[in-house]
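Chain by chain, the residues run as shown.
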Amino acid sequence: MVDSDFMQQDFQRRLRNIPRLGMGLSVDVYSPDLFELVNKLRKQGLEPGYLEVFKATTTALKSVRKALPDIPLAYHGEGLWITQPDVQESTFFQRDVGEMVEQLNSLQSLWLNHECAMKQMAGYSFGTYVPPLYMRLSAEVVAENIVAIQQVMDQQGCRVDGTAPLFLLEMPPLTYFSAGTIPIPHFFRLVTALVPCGLVLDIGHLWTVYRYTAVCQRVSLEQFVEGFLDEFPLERVVEIHVAGLACHESVGESKDREGHPEWIDAHAAPIPSILFTMLEQVLAHSNLASLRAVALEVDTKPIEMIVEEYSEAVRRFSFLIQHTMARGTVADHSMEFMPQSVSVREPVCEADRQKLLDDYARYAQVISGQAGMTGLEWQESDSDASGVTRYRTSYVPYEILHWGGDLSKMFPQTCRDLAERGVCLREFVVFWFRSPRPLTGSYDFFLLKIERFLEFVVERVPDIQVCVQQECDILRQAYAQANEVREPVMDTERTR
Ligand SMILES: [Fe+2]
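Quick look at the structure, then. Keep in mind the model is a prediction, meaning the values are calculated, not measured.

1. Description of the coordination of the iron ion
Line of reasoning, step 1. Looking at the metal site, the iron ion is ligated by Glu170 (OE), Asp202 (OD), His241 (ND1) and Glu297 (OE), spaced 2.1 to 2.4 Å from it.
Line of reasoning, step 2. For the iron ion, the 4 donor atoms in the first shell make angles of 86 to 178° at the metal, so the coordination geometry reads as irregular.
Line of reasoning, step 3. Counting gaps between the donor residues of the iron ion yields the pattern E-x31-D-x38-H-x55-E. Placement of the pair is Glu170 in strand β7 (residues 166–170) and Glu297 in strand β12 (residues 293–297), with a sequence separation of 127 residues.

Dropping the structure here:
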C-alpha cells in the first residue's frame, strides 16, 4: 500500500468519529458575546448545529461547554506556527501544544482547526496571518508538524467517547499576494498525501486566491472554482467556512481592470452574495465526500447581522448541505483498516530545514519592504508584484502602527514627545523589521508591540525613557487585569 492510500484510510477511520453536524457558526467567546448571540438565535427559533469556538482562556472555554451542554463544539486554534521548520524547537511549542490540548478537552472538541499560515517566521512578527511559501519542501514541513501535534492529541486528547480530535488544516486567505513555486491546490495535495488530517475550505479565502493570482485576468470566477476544486484534495474537506470580505481601511475602495474589488478576509463585514454562489458550486462537486459541517465565521460581527445572515443561510442551504453530507456514507462503513498512530516517512533533513528557514527569513524581509523580490518563489509565483507593493507600503505599516492597538492611543504622551522631536512613527515600522529577534514568549501581538516600542523609543530618543516606561507599565497592568476579568459570567437567564 502506498503512503497516500494509508493516509486516506487513516483519515477515514478518524472521520468516523465526527458526526454530521450541518450548519453552525465559528465564533469568539467575547466578540460578540457568545451567550447573547445564542440567546438571540434561539429567540428566532435557530439552534446552531455546532459551534466552532476560537481560542480563549481555558476557564472561558469550560464555561461555554457547561452552559451549552447540547451543542456540539469544535475548536479554532491559534499560535501553533506549523508552517515553520523550527517550530518544534521553540521553547514554547510543547507548552502551547499542551495548552491547546487542555482547551480541546475543556470543550470536548471534535477537531482542532488551524490555519496553514503564520504570524511569526524566522524571528519576524506580523499582526495577521501570512500565507506559507507554496513550495514542495514547505508542504513536507507542514505535514511533519501536523504529525507531531496529532500524536499529542491522540495521546492526551480525552473526549468522553474515547476518541481523539482530528487536525483540520485551513487554507489561509491571500492578502494581495501569493509566493511559491507550486499551485496552491498541489501544496494541499502534498500535505494530505503525508498525513491523515482533514481540511477546512474557506470560501472567502478561495475568492482571495482567485483575486490575487493572475488567474483572475484569464478566466471567470466560476471557471477558476471548477479548476481549483478538481485539483484540490476535496475528499479531505471536513468543514467549510463562509465569512465576510471587505476592502481594508489602509487601502480604501478600489477595483482592478476587470472590476474585481480589492477585498480581503474581514470577519466583521457582511458576507458578499458571490460567496454563496461559490458555496453552491462547491457543494455540488462530487469529490466533496467527507463534509461534516458548514459554518458562517462571525467573530467580531454585530449580533443582528449574524442572526440575519445565519437565518438566510439556513433557509437556503440546510437541505443542500444535508444532501452533500449524506454522500460519504458508503465509504465510511467500508473501512476496516486500523493504524495505531500517525507517522511521516522520513523527517526533513537538516540542510533542507535550514534552506527553508532562510527562505522564510527572506520572505519576511520582502513582504515587509526590507528586501527586494528575489528568489524563485517570486519569479514563479502566479501573483502580481503590485500586490506585494500594496501589502508592504499600506497594509504592513497599518498593522504595526494601528492594528491590535493604535500606538498613538496606547502611548499618547510618548507619541506627542516623539512628534515634538521630529520623529515619525513610520520609522518604527522599519525598526520592527530591522533584524530577526528570538521569540521571548508565546505569540501575543499586543505585548510584542509594547516591548518593541519601548526599545525603539529608548534607542531613538533616550531622554524620554521614563515616560515611555511608565506608559508601558500602565498598559501591561491593564492588559493583565482585562484578561483576568474577561471570564464569561454565566447565569441561567442568559443561557436559557
Ligand atoms: Fe476561516
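And the narrative resumes.
2. Structural notes on a negative patch on the surface
Line of reasoning, step 1. On the surface, Glu222, Glu226, Asp230 and Glu231 cluster together to form a negatively charged patch.
Line of reasoning, step 2. Residue position: Asp230 is located in helix α8 (residues 221–231).
Line of reasoning, step 3. For Asp230, a relative accessible area of 44% gives the class partly exposed.

3. With respect to the packing of aromatic side chains
Line of reasoning, step 1. Going through the model one piece at a time under the given rule, you end up with 30 aromatic pairs.
Line of reasoning, step 2. Taken together, a centroid distance of 4.9 Å and an interplanar angle of 75° make the contact between Phe177 and Tyr391 edge-to-face. Of the two residues, Phe177 is situated in the loop between β7 and α6 (184–194) and Tyr391 in helix α14 (residues 385–401); the sequence distance between them amounts to 214 residues. When sorted by exposure, Phe177 lands in the same class as Tyr391, which is buried.
Line of reasoning, step 3. A connected cluster of aromatic rings, assembled from ring pairs, spans Tyr176, Phe177, Tyr212, Tyr360, Tyr363, Trp378, Tyr391 and Tyr395.

4. Re the nonpolar core
Line of reasoning, step 1. Ile240 and Tyr363 are the most contacted members of the largest nonpolar core, which totals 153 residues.
Line of reasoning, step 2. The element contributing the most residues to this core is helix α5 (residues 136–156), with 10 residues.
Line of reasoning, step 3. Beyond its immediate sequence surroundings of up to four residues, Ile240 is in contact with Leu201, Ile203, Leu279, Val282, Leu283, Leu288, Leu291, Ala293, Val294 and Ala295.
Line of reasoning, step 4. One finds Tyr50, Ala74, Leu168 and Val238 within the second-largest nonpolar core, a separate group that totals 14 residues.

5. Things to note about the side chain of Thr414
Line of reasoning, step 1. Structurally, Thr414 can be placed in helix α16 (residues 412–420).
Line of reasoning, step 2. Not counting the four nearest positions on each side in its chain, Thr414 is found in contact with Phe453, Val457, Ile464, Cys467, Val468 and Glu471.

6. Considering α16
Line of reasoning, step 1. Those residues of α16 lying buried are Thr414, Cys415, Asp417 and Leu418. Projected onto a plane normal to the axis of α16, the buried residues spread over an arc of 160° and lie on a single side. In α16, the exposed positions that point more than 90 degrees away from the buried face belong to Ala419 and Glu420.
Line of reasoning, step 2. Positive phi appears at Gly422, one or two residues downstream of α16, with a value of about 75°.

7. Quick notes on the pairing of strand β9 (residues 237–242)
Line of reasoning, step 1. Of all 6 residues making up β9, 6 are buried, and the element is well covered by its neighbours.
Line of reasoning, step 2. Two strands pair when backbone bridges link them, and strand β8 (residues 198–202) and β9 are joined in this way by 4 bridges, in the parallel orientation. In the sheet register, Leu201 faces β9, and the bridge partner there is Ile240.
Line of reasoning, step 3. As paired strands, β9 and β12 are joined by 4 bridges and run parallel to one another.

8. So, the sheet that holds strand β2 (residues 51–54)
For sheets, the rule is that strands pair by backbone hydrogen bonds, running either parallel or antiparallel.
Line of reasoning, step 1. Judged by pairing direction, the barrel is parallel, and its 8 strands sit side by side in the order β1-β2-β3-β4-β7-β8-β9-β12 before closing back on the first. Looking at each pair of strands side by side, their axes are set apart by 25° on average, direction ignored.
Line of reasoning, step 2. The sheet contacts of helix α2 (residues 34–43) involve β1 (22–27) and β2, and relative to β1 the element is tilted by about 150°.

9. Observations regarding the environment of Lys355
Line of reasoning, step 1. Within the element layout of this structure, Lys355 appears in helix α12 (residues 350–367).
Line of reasoning, step 2. Classification of Lys355 by relative accessible area gives partly exposed; the value is 45%.
Line of reasoning, step 3. The spatial distance from the C-alpha of Lys355 to the C-alpha of Leu137 is 9.5 Å, given a sequence separation of 218 residues.

10. What to know about the pattern of salt bridges
Line of reasoning, step 1. One pass over the structure, following the stated rule, counts 24 salt bridges.
Line of reasoning, step 2. We note a salt bridge from Lys55 to Glu99, for which the minimum N-O separation is 3.5 Å. Highlighted residues: Lys55 in the loop between β2 and α3 (58–67) and Glu99 in helix α4 (residues 93–107), separated in sequence by 44 residues.
Line of reasoning, step 3. A relative accessible area of 28% places Lys55 in the partly exposed class.
Line of reasoning, step 4. Close ionic contact of Asp359 with Arg362 constitutes a salt bridge, the shortest N to O distance being 3.3 Å. Residue Asp359 and its partner Arg362 are both found in helix α12; the two are separated by 3 residues, about one turn of the helix.
Line of reasoning, step 5. Taking relative accessible area as the criterion, Asp359 reaches 5% and is therefore assigned buried.

11. Digging into α12
Line of reasoning, step 1. Under the 1.5 Å per step criterion, the end-to-end length of α12 is 26 Å for 18 residues, consistent within 8% with the ideal 26 Å.
Line of reasoning, step 2. All buried positions along α12 are accounted for by Arg353, Leu356, Leu357, Asp359, Tyr360, Ala361, Tyr363, Ala364, Val366 and Ile367.
Line of reasoning, step 3. Buried residues along α12 sit in contact with β5 (118–121), β6 (124–130), α5, α13 (376–379) and α14.
Line of reasoning, step 4. At the C-terminal side of α12, Gly369 shows a positive phi close to 85°.

Parameters and conventions
- Residues numbered from 1 in each chain as written.
- Predicted model: local features only at pLDDT ≥ 70, side-chain atom pairs only at ≥ 80, totals over all residues.
- Heavy atoms only, no water.
- Donors = N, O, S within 2.8 Å, 3.2 Å for Na, K, Ca; no water.
- Tetrahedral: all angles 85-135°; square planar, octahedral: opposite > 155°, others 65-115°.
- Helix = DSSP H or I, 4+ residues; strand = E, 2+ residues; numbered from the N terminus.
- Patch = residues over 30% accessible without salt bridge, like charges linked within 9 Å, V, L, I, M, F, W, Y side chains within 5 Å.
- Areas by Shrake-Rupley, 256 points an atom, 1.4 Å probe, with all protein chains shown as cover.
- Salt bridge = Lys/Arg side-chain N within 4 Å of Asp/Glu carboxyl O.
- Lys, Arg positive; Asp, Glu negative; His and termini not counted.
- Charge placed at Lys NZ, Arg CZ, Asp CG, Glu CD.
- Buried < 20%, exposed > 50% of the residue type's maximum accessible area, 1.4 Å probe, protein only.
- Phe/Tyr/Trp six-rings, centres within 6.5 Å; stacked < 30°, edge-to-face > 60°.
- Core = buried A, V, L, I, M, F, W, Y, C linked by side-chain atoms within 4.5 Å.
- Contact = heavy atoms within 4.5 Å.
- Arc of directions from axis to C-beta.
- Pairing = 2+ DSSP bridges.
- Axes fitted to C-alpha atoms, helices over the stretch in contact; angles between N-to-C directions.
- Expected span 1.5 Å × (residues − 1).

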